[in-house]
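Chain residues, written in single-letter form:
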Amino acid sequence: AVRDEELHSKKATPFELLKIVDGAFGLEPLLHSTGIGYYKVKAKGLRYLANSKMNLATCSYEELLEIPGISHKSASLFLMYSRPNERRASLDTHS
């Protein structure tokens, strides 16, 4: 069981909290219970991030593509949103 002090620790990073929650409950059932689509792929991506040493503030486009479930479009949009000086283009097409 998750101890309350683990979840509310001011020293725990978001990724450490993901590990705690995943170990106690599993990410898939929690994501599924909220109605999130592709919850298995998203849980795999979150698990990858939580166990990696990736710094989202400084990671490259190529590093983002290594995350399960992250596409070229998602990587580009993340960089455009999180780094104002990043020069990227992203095209969304629908038929």
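Residues numbered from 1 in each chain as written. Predicted model: local features only at pLDDT ≥ 70, side-chain atom pairs only at ≥ 80, totals over all residues. Heavy atoms only, no water.

A.B. asks: Hey, could you run me through the overall build of the protein in this one?
C.D. replies: Summing up its helical and strand segments, the protein has 6 helices and 0 strands in all. Taken from the N to the C terminus, the helices and strands of the protein come in the order α-α-α-α-α-α. Burial statistics for the protein: of 95 residues in total, 20% are counted as buried. Here the analysis covers contacts within the protein between residues at least 6 apart in sequence; of these, 22% occur between residues at least 24 apart. Carbon together with sulfur atoms contributes 57% to the accessible area of the protein, which is approximately 7200 Å² in total. (Helix = DSSP H or I, 4+ residues; strand = E, 2+ residues; numbered from the N terminus. Buried < 20%, exposed > 50% of the residue type's maximum accessible area, 1.4 Å probe, protein only. Contact = heavy atoms within 4.5 Å. Areas by Shrake-Rupley, 256 points an atom, 1.4 Å probe, with all protein chains shown as cover.)

A.B. asks: I tried to follow the side chain of Ser76 on my own but got confused; where do I start?
C.D. replies: Structurally, Ser76 can be placed in helix H6 (residues 72–82). Non-local contacts of Ser76, meaning those with residues more than four positions away in its chain, are made with Tyr61, Arg88, Ala89 and Ser90.

A.B. asks: Hey, could you run me through the nonpolar core in this one?
C.D. replies: Side chains of a nonpolar character, in soluble globular proteins, are inclined to be buried together. Within the largest apolar cluster, 8 residues are counted, these being Leu49, Met54, Cys59, Tyr61, Leu64, Ile67, Ala75 and Leu79. Mapped onto this core, the elements with two or more residues apiece are helix H5 (61–65) and H6. Ignoring any residue separated from it by four or fewer positions in sequence, one finds Ala75 in contact with Tyr61, Leu64, Leu65 and Ile70. Leu18, Val21, Leu27 and Ala50 belong to the second largest nonpolar core, which has 6 residues in total. (Core = buried A, V, L, I, M, F, W, Y, C linked by side-chain atoms within 4.5 Å.)

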